[in-house]
Amino acid sequence: MEKVKSLLEETIDQQFRQMIISNPRRKGGNTKVKIRPVLIKGTMFYQEEQYRDHQVFHNNIPWAQKKILINRIIEYMQEFKQLEWKTQQEQFTVLVNRRQQASIKRRQQTETQSEGMEYAHNRKKKYILQEGSPIDFLVELGVMSKEGNVIKTRYDKFRQINRFLEFIDDVEEHFPKNHQLTIIDFGCGKSYLTFAIYYYLHILKKYDVRIIGLDLKQEVIRNCTKLAQKLGYEHLEFLHGDIAEYEGVVKADLVVTLHACDTATDYALAKAVKWNAGVILSVPCCQHELNRQMYAEVLEPMFRYGLIKERAAALFTDALRAELLEQQGYQVQILEFIDMEHTPKNILLRAVQKKSRQSQIPAKMQRQENGIERYRKCRDFLGADPTLEKLLR
């Protein structure tokens, strides 16, 4: 490991780009660690991203504390078998066996990055939908000019659309390619993201898709229908209706529910489970139900303040929703949709249906029982009676 440490000291410098530490030796800890340089408010850091239990934890180490970073990397190699990192000119791979003996591969980068590389928080992000060339639906929705420039006052919307498409891109491997994809967008509103899904999956990725946007506002549905027809977006339809009552499909590949208020999110999630949806993307909104129900004497110092209770209720609601989806056979992550500076409603639930294996059934049943017990304890402690649980019974 001394050779590895020496190599790290040599190569983690101004040209360092990214490191991935992977292939854990045992279950239960971090599944992966990423390290990259970031510029935050004018100060350089090494940022760690620790992936554990469907969550991501961040830790920033000041740029000047390179030795601390290297010592942490060496410690990580006690629990991981593989280490890869890149500089502007080279790429390195280290494999570590049980005896902590390391084999090192060092090779030139096939593509080098120019001098003065830009760092994470300070660089111009490479979006899925690029500025510079007009994109028809963005022009029609007033996000882009006819020349392909993002309207200055709509840049937050442009960024939000691209962030959402990154989530779609992350789960694309779970979409079947042997049949038409059925996608439901509950509470589609003005349908920026509905059009974005169509454009990305059908026009860019060439999937055969049928996308349905559902909303309670008739005027919105009329306008979206006209735009879909104007753009020639076939198999993209918009319907007026209530989430709880919609029965237009029997199977869905992707269900999206963004900012459906309070228990409307629960009805959308329950529908998605009923339709055996492969992927669910949900950004909940206005979680009032638990705020009215929950009481725990030990938490009274928190709950006596309305604002704190409201925020706690929203977090508890989404955590319980995630647990219930896990019990239905989904792997659930709770992720940040967009930065808090843009909206406080920034939590996204991403649920991907697990592929069960016959040999894993006993272990799977045990995990499910543990999850049910964990859920019940939390629910009973709060005195809650969540709508989603009742809908899934």
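Since the model is a prediction, treat every value here as computed from it, not as a measurement.

Trainee: Is there a simple way to explain the overall build of the protein in this structure?
Mentor: Looking only at helices and strands, the protein has 12 helices and 14 strands in total. Taking 21 Å as the expected radius of gyration for a compact globule of 393 residues, we find that the protein reaches 24 Å, a close match to that expectation. Across its three principal axes, the protein shows a C-alpha extent of roughly 65 × 60 × 50 Å. A buried classification covers 46% of the 393 residues belonging to the protein. Element-wise, carbon and sulfur atoms account for 48% of the exposed surface of the protein, whose accessible area totals about 21,600 Å². Distance between charge centres in the protein, computed from 61 positive and 51 negative side chains, equals 4 Å.

Trainee: Even after reading the chapter, I still don't get the pairing of strand S9 (residues 209–215), so can you show me in this structure?
Mentor: The side chains of a regular strand alternate, residue by residue, between the two faces of the sheet. With respect to burial, S9 is a largely interior element, six of its seven residues being buried. Here six bridges tie strand S8 (residues 181–186) to S9, and the two strands are oriented parallel to one another. When the sheet's bridge partners are listed, Ile183 is paired in S9 with Ile211. Where S9 and strand S10 (residues 236–240) come together, five bridges link them in parallel fashion. Each residue of the ladder has a partner; that of Leu214, found in S10, is Leu239. Between the parallel pair S9 and S10, the chain is carried across by helix H6 (residues 218–231), and the sense of this crossover is right-handed.

Trainee: Honestly, empty space enclosed by the protein in this entry has me stumped. Any pointers?
Mentor: One water molecule sets the probe size; rolling that probe over the atoms shows where empty space is left. Using the criterion set out here, one finds one cavity of 30 Å³ or more in the structure. Here the largest cavity defines a volume of roughly 50 Å³. Lining the largest cavity are Asp266, Glu289, Leu290, Thr317, Leu320, Arg321, Leu324 and Pro386. At the level of elements, helix H8 (289–293) and helix H10 (306–327) are the ones that each hand at least two residues to the lining of the largest cavity.

Trainee: For this particular structure, what's the right way to read the sheet that holds strand S14 (residues 347–353)?
Mentor: Backbone-to-backbone hydrogen bonds join strands into a sheet, with any given pair of strands oriented parallel or antiparallel. An order of S10-S9-S8-S11-S12-S14-S13 is seen for the seven strands of this open sheet, with the pairing classed as mixed. With one partner strand each, in any of the chains shown, S10 and strand S13 (330–336) form the two edges of the open sheet. For this sheet, the mean inter-axis angle between neighbouring strands, taken without regard to orientation, is 15°. Its contacts with the sheet put helix H4 (residues 155–171) on strand S11 (254–261), strand S12 (279–285), S13 and S14, and the angle it makes with S14 is roughly 15°. Relative to the sheet, helix H7 (residues 264–274) contacts S8, S11, S12 and S13, its axis offset from that of S11 by approximately 170°.

Trainee: Help me understand the pattern of salt bridges, please; the structure alone is not making it clear to me.
Mentor: Two side chains that carry opposite charge are able to pair once their charged atoms sit near each other. Tallied over the entire structure, the rule returns 21 salt bridges. Two residues, Glu49 and Arg36, come together in a salt bridge whose shortest N-O distance is 3.8 Å. Within this pair, whereas Glu49 is found in strand S3 (residues 43–52), its partner Arg36 is found in strand S2 (residues 32–40), the two being separated by 13 residues in sequence. Among the residues examined, Glu49 registers a relative accessible area of 12% and is labelled buried. For the salt bridge of Glu90 with Arg106, the shortest nitrogen-to-oxygen distance reads 2.8 Å. Here Arg106 lies in strand S7 (residues 102–108) and Glu90 lies in strand S6 (residues 90–96), a separation of 16 residues in the sequence. The class of Glu90 is buried, set by a relative accessible area of 16%. Owing to a relative accessible area of 41%, Arg106 belongs among the partly exposed residues under this scheme. Shared partners join several salt bridges into a network, and the residues in it are Arg379, Asp380, Glu389 and Arg393.

Analysis parameters
- Residues numbered from 1 in each chain as written.
- Predicted model: local features only at pLDDT ≥ 70, side-chain atom pairs only at ≥ 80, totals over all residues.
- Heavy atoms only, no water.
- Helix = DSSP H or I, 4+ residues; strand = E, 2+ residues; numbered from the N terminus.
- Rg over C-alpha atoms; globule rule 2.2 N^0.38 Å.
- Buried < 20%, exposed > 50% of the residue type's maximum accessible area, 1.4 Å probe, protein only.
- Areas by Shrake-Rupley, 256 points an atom, 1.4 Å probe, with all protein chains shown as cover.
- Lys, Arg positive; Asp, Glu negative; His and termini not counted.
- Charge placed at Lys NZ, Arg CZ, Asp CG, Glu CD.
- Pairing = 2+ DSSP bridges.
- Right-handed = clockwise from strand over helix to strand, strands pointing away.
- 1 Å grid on protein atoms, 1.4 Å probe; cavity = no way out; pocket = protein on both sides within 12 Å on 5 of 7 lines; lining within 4 Å.
- Points joined across faces, edges and corners; volume = space filled by probe spheres on them.
- Axes fitted to C-alpha atoms, helices over the stretch in contact; angles between N-to-C directions.
- Contact = heavy atoms within 4.5 Å.
- Salt bridge = Lys/Arg side-chain N within 4 Å of Asp/Glu carboxyl O.

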